[in-house]
Protein chains: 2
Amino acid sequence: MKLVNSISCLVRAILLSALFALGPHAQAQTDPLPSWNDGQAKQAIINFVKETTDQASPKFVPPAERIATFDQDGTLWVEQPVYSQVMFILDRVPAVVKAKPELAKVEPFKTVISGNWEAMAKFTEADLEQLGVATLTGMSVETFAAEVKAWLEIAKDPRWKKPYTELTYLPMQEMLSFLRANGYKTYIVTGGGQDFVRVYSEATYGIPPEQIVGTAGATTFGYDKAGKPVLTKAPKMMLNDNNAGKPEGIYLMIGRRPHASVGNSTGDREMLEYTRAGDGARLSMIVLHDDAKREYAYGPAQGLPASKVGTFTQALYDEAVKQGWAVISMKNDWKKVFAFE
Amino acid sequence: MKLVNSISCLVRAILLSALFALGPHAQAQTDPLPSWNDGQAKQAIINFVKETTDQASPKFVPPAERIATFDQDGTLWVEQPVYSQVMFILDRVPAVVKAKPELAKVEPFKTVISGNWEAMAKFTEADLEQLGVATLTGMSVETFAAEVKAWLEIAKDPRWKKPYTELTYLPMQEMLSFLRANGYKTYIVTGGGQDFVRVYSEATYGIPPEQIVGTAGATTFGYDKAGKPVLTKAPKMMLNDNNAGKPEGIYLMIGRRPHASVGNSTGDREMLEYTRAGDGARLSMIVLHDDAKREYAYGPAQGLPASKVGTFTQALYDEAVKQGWAVISMKNDWKKVFAFE
């Protein structure tokens, strides 16, 4: 009996040791952001998490209020040379034209079919909107999701020849995980299509569909021939989730001011301002694309004109410095850019 | 040393016993819905949770996909004789008229100021919309939230003389808790104002602001005189979260089809249909107000005409039966209606 007790005690001791080993103490000793070089940006993230999660801190934030919002294109993954969703739209044009052959002679469809990239680069907002309506609406929401999923499985980025979902920035993935491990709900707040991003957000970033705020079109509820309820994507904009639309979208979809926001372009300016204007600890960060070798270099720090994609102007850079937003230099702050490096 | 070991072992054993006592086995033996009488409605909830959370079940739903949506007025709390938010609007009219005295001679403000309830009961949708714009827009979102909070602290329901937030149905609170304990994210999907409900949803139902889908007005991002970013409530409807607007709002805000939905009026019909039309186990339930003594009786089962508030028509009842929605009879299915009983 004594032996049995001793063994039983040993088993318990081992179990408990295992529990302690998994506890918060052990976690705190490993670097939560291993792909970040030591520097102001990394320190800003670590300090922010420390002061908002330490109950003894005057800037403690209750777990329920811990909201962090991230732009996607250029902040969480590559946006050059063309937003992936624009590629999706262009890739769908042939099928649309096949279904309606009269479109082949009409702009902007004619140019897309011609494959003339120089001409496509000159498309106006109105052109893209026309293509968007033709390729992103009129189908059920399930059909749309299935088509996005199928496209993502075959589409490849032109430079790395990899699926778009592999072109996420490893340091940002670490930041998302670090915040979540500390009780933050992470959201994507994107100018991209909300239901486009929702298709892959959970697998790609660990962010569920209900935590994606994006540019959103209306849907129309109705019934199919068999009387089954159907939601059909309608050609009507509900939320243009860019610029002022970002804080407005955050209020609509989340209803709380974020404690942390990260962006990379003028389209994120109002979100970063709104986040920073809250009480207590508020972290606003902006990603600077200054690494032509490992990714791309564009924007003011390069002395380059603002690109059409991801416009990071000199004025935005000046505001970031003035307002105390942390600037993330891809070149200096990131040890690794991609997981596949 | 042996004694120390023995004591240490005892402490460990006690700790482990405590852990086991808190485990799933012990929980399963208590009734998760104690305010429900045994019957089809209670059984439908228990069966649904069992078959969607048991990994061996063919209808198992992965935790990330467990979404349940609840109408509020008449489903989670009392909606008679007048929606609480309408009371809020009416209570705010004197302050609005004080700020703009010329309104005192203009309808519908004149009638509200007169206190003539019979005349107010005849207000059209357009009248209410005009009052809504005057009382719910033009201020910052923070000012609005503070005003709702202050009103909720003093406003009382006319029958029970209690704060509205105490007039929630205890059985529905139990259902919310039971679903959450089984990994469901619970949402309110209400025709009421989204940002009105968000003020009290966390304290009242344990549902955070970001899980409230409701009728939503636009906001406008701008700057105050000091240059601080401000979101101002604008007189523009973004989402009318009634009828077809409910599944449309669910797609916009959640992006997943719910596995369970509960409603109580024709405004919930499309949401209940949409939920039920999904694959696998889908629970659609409808609350029947047939308890004049403990709450109110209105709708078809009473042989009463559909009330203006919470219209539950005979056609809806027939559809519920035909589609296999579970009907919750307040009189028969609920042991207790309110926690304060």
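Predicted model only: the values in this text are computed from it and were never measured.

Caption draft 1: Structural context of the interface of chain B and chain A. Facing 44 residues of chain B, the contacting portion of chain A comprises 44 residues. A buried area of about 4,000 Å², summed over both sides, lies between chain B and chain A, and 59% of it is on carbon and sulfur atoms. In terms of surface lost to chain A, no three residues of chain B exceed Glu210, Tyr251 and Leu252 of chain B, which account for 18% of the buried area on that side. Here chain B is connected to chain A by eight salt bridges. Here Glu210 of chain A and Lys185 of chain B are joined by a salt bridge, their closest N and O atoms 2.9 Å apart. Counting residues per element, the ones that place at least two in the side of chain B that touches chain A are helix H1 (2-21), helix H8 (141-154), strand E2 (185-193), helix H10 (194-205), strand E3 (212-223), strand E4 (229-239), helix H11 (245-253) and helix H12 (269-276) of chain B. The biggest single contributor to the side of chain B that touches chain A is H1 of chain B, with six residues. Taken together, the residues that form the side of chain B that touches chain A break down as 24 nonpolar, five polar and 15 charged.

Caption draft 2: Geometry of the sheet that holds E2 of chain B. Overall, mixed pairing links the seven strands, which are arranged E4-E3-E2-E1-E5-E6-E7 (chain B) in an open sheet. A single partner strand is all that each edge strand has here, and the edge strands are E4 and strand E7 (326-329) of chain B. Across this sheet, the average inter-strand angle for adjacent strands is 30°, counted without regard to direction. The pairing of E2 of chain B with E3 of chain B spans four bridges and is parallel. Each residue of the ladder has a partner; that of Gly193 of chain B, found in E3 of chain B, is Thr215 of chain B. Sheet strands touched by helix H11 (residues 245-253) of chain A: E3 and E4 of chain B. Its angle to E3 of chain B, the strand with the most contacts, is close to 155°.

Caption draft 3: Structural context of helix H3 (residues 40-53) of chain A. Residue and element names in this part refer to chain A. The terminal C-alpha atoms of H3, which comprises 14 residues, lie 20 Å apart, in line with the 20 Å expected from a rise of 1.5 Å per residue. Where H3 is concerned, the buried positions are Ala41, Lys42, Ala44, Ile45, Phe48, Val49 and Thr52. Looking straight down H3, one finds its buried side chains confined to an arc of 165°; they lie on one side. H3 presents Gln40 and Lys50 as exposed residues on the side facing more than 90 degrees away from its buried surface. Where H3 is buried, its residues contact helix H9 (170-181), strand E5 (260-263), strand E6 (283-288), strand E7 (326-329) and helix H14 (330-333).

Caption draft 4: Seen up close, H9 of chain A. Residues and elements named next belong to chain A. Under the 1.5 Å per step criterion, the end-to-end length of H9 is 16 Å for 12 residues, consistent within 8% with the ideal 16 Å. Taken residue by residue, H9 has Pro171, Met172, Gln173, Glu174, Met175, Leu176, Phe178 and Leu179 as its buried positions. Among the residues trailing H9, Gly183 stands out with phi positive, at a value near 85°.

Caption draft 5: Here's a closer look at the sheet that holds strand E4 (residues 229-239) of chain A. Residues and elements named next belong to chain A. With respect to topology, seven strands assemble into an open sheet ordered E4-E3-E2-E1-E5-E6-E7, the strand pairing being mixed. Bordering the open sheet on either side are E4 and E7, each of which pairs with just one other strand. Across the sheet, the mean angle separating the axes of adjacent strands is 30° when strand polarity is ignored.

Caption draft 6: The environment of Leu76 of chain A, seen in detail. Residues and elements named next belong to chain A. Within the secondary structure, Leu76 is located in the loop between strand E1 (67-70) and helix H4 (84-99). In this structure Leu76 comes out as buried when scored by relative accessible area, which is 1%. Those residues in contact with Leu76, other than ones at most four positions away along the chain, are Phe70, Asp71, Leu167, Thr168, Tyr169, Met172, Leu176, Ile188 and Tyr205.

Caption draft 7: Empty space enclosed by the protein, seen in detail. With the rule as written, the count across this model stands at three cavities of 30 Å³ or more. The computed volume of the largest cavity comes to approximately 70 Å³. Those elements that place two or more of their residues in the lining of the largest cavity are H11 of chain A together with H10, E3 and E4 of chain B. Per-element tally for the lining of the largest cavity: the top contributor is E3 of chain B, with four residues. Grouping the constituent residues of the lining of the largest cavity by class yields five nonpolar, three polar and three charged.

Caption draft 8: Structural context of the side chain of Arg282 of chain A. Residue and element names in this part refer to chain A. Summarising the element assignment, Arg282 is placed in the loop between helix H12 (269-276) and E6. No salt bridge forms around the buried Arg282; measuring N to O, its nearest opposite-charge neighbour Asp279 is 5.7 Å away. Of the polar contacts made by the side chain of Arg282, one reaches the backbone oxygen of Arg257; its length is 3.5 Å. A polar contact is formed between the side chain of Arg282 and the backbone oxygen of Asp279, at a distance of 2.7 Å. Excluding residues within four positions of it along the chain, Arg282 makes contact with Phe48, Arg257, Pro258, His259, Thr275 and Arg276.

Caption draft 9: Structural detail: the relation of the copies chain B and chain A. Note on the identical chains: chain B maps onto chain A by a rotation of 180° and an axial translation of 0.0 Å, with an RMSD of 0.0 Å. Taken together, the rotation angle and the small translation identify this as a two-fold axis. The residues that chain B uses at the interface reappear at the interface of chain A in 100% of cases, marking a shared surface.

Caption draft 10: Broad picture of the packing of helix H10 (residues 194-205) of chain A against H11 of chain B. Across the interface, H10 of chain A lies against H11 of chain B with an axial gap of 10 Å and an inter-helix angle of 60°. When the axis of H10 of chain A is compared with that of H11 of chain B, the two are oblique. Residues Gln194, Asp195 and Arg198 of chain A of H10 of chain A form the contact with H11 of chain B, whose own contacting residues are Tyr251, Leu252 and Met253 of chain B. Classifying every residue of the contact of H10 of chain A with H11 of chain B by side-chain character gives three nonpolar, one polar and two charged.

Caption draft 11: The arrangement of the confidence of the model for chain A in detail. All names here are of chain A. For chain A, the mean per-residue pLDDT works out to 90, and 88% of the residues sit at or above 70. Contacts from residues 1-27, a stretch scored under 50 in pLDDT, to residues over four places away or in other chains number 10 contacts. Both scores are available for the predicted complex, with the pTM at 0.90 and the ipTM at 0.89.

Caption draft 12: Focus on the side chain of Gln194 of chain B. Following the sequence through the fold, Gln194 of chain B ends up in helix H10. For Gln194 of chain B, the side chain forms a polar contact with the main-chain nitrogen of Gly214 of chain B, separated by 3.1 Å.

What counts, and at which threshold
- The residue numbers shown here count from 1 along each chain, following its written sequence.
- Both sets of labels track the order of writing: A upward for chains, 1 upward for ligands.
- Where local features are concerned, this predicted model is filtered to residues with pLDDT of at least 70; where side-chain atom pairs are given and counted, the filter is 80 or more; whole-chain, interface and lining totals use all residues.
- Side-chain numbers here rest on the full set of heavy atoms in the structure, without hydrogens or water.
- By the convention used here, residues are in contact when the closest approach between their heavy atoms is within 4.5 Å.
- Note: buried area is the sum, over both parts, of the accessible area (probe 1.4 Å) each one loses when the two are combined.
- The salt bridge definition used is simple: a Lys or Arg side-chain nitrogen within 4 Å of an Asp or Glu carboxyl oxygen.
- Each helix is a run of H or I in the DSSP string that is no shorter than four residues. Each strand is a run of E no shorter than two, and both are numbered from the N terminus.
- Gly counts as polar in this scheme, as do all residues outside two lists: the nonpolar Ala, Val, Leu, Ile, Met, Phe, Trp, Tyr, Cys and Pro, and the charged Asp, Glu, Lys and Arg.
- Strands are treated as partners if at least two bridges between them are detected by DSSP.
- For every element, the axis is a line fit to its C-alpha atoms; helices are fit only across the contacting stretch, and the angle between N-to-C directions ranges from 0 to 180 degrees.
- What a helix is expected to span follows from its residue count: subtract one and scale by 1.5 Å.
- Here's how the labels work: a residue is buried when its accessible area is under 20% of the maximum for its type, exposed when over 50%, partly exposed in between, all with a 1.4 Å probe on protein chains only.
- Throughout, the arc means that of the directions going from the helix axis to the C-beta atoms.
- Here a cavity means grid points, on a 1 Å grid over the protein atoms only, where a 1.4 Å probe fits yet cannot get out; a pocket means an open set of points with protein on both sides within 12 Å along at least five of seven lines; lining residues are those with an atom within 4 Å of a point.
- Grid points are joined across faces, edges and corners, and a volume is the space filled by probe spheres set on the points.
- Counted as positive: Lys and Arg. Counted as negative: Asp and Glu, with His and the chain ends omitted from the count.
- N or O atoms closer than or at 3.5 Å make up a polar contact, with two conditions inside protein: a donor-capable atom paired with an acceptor-capable one, and, for residues adjacent in sequence, both atoms drawn from side chains.
- When the copies are superposed, the least-squares fit takes in the C-alpha atoms of residues with a pLDDT of at least 70 in both.
- Throughout, the term roughly parallel applies to angles under 35 degrees, roughly antiparallel to angles over 145, roughly perpendicular to angles from 65 to 115, and oblique to all others.
- pLDDT expresses how confident the predictor is about each individual residue, on a scale running from 0 to 100.

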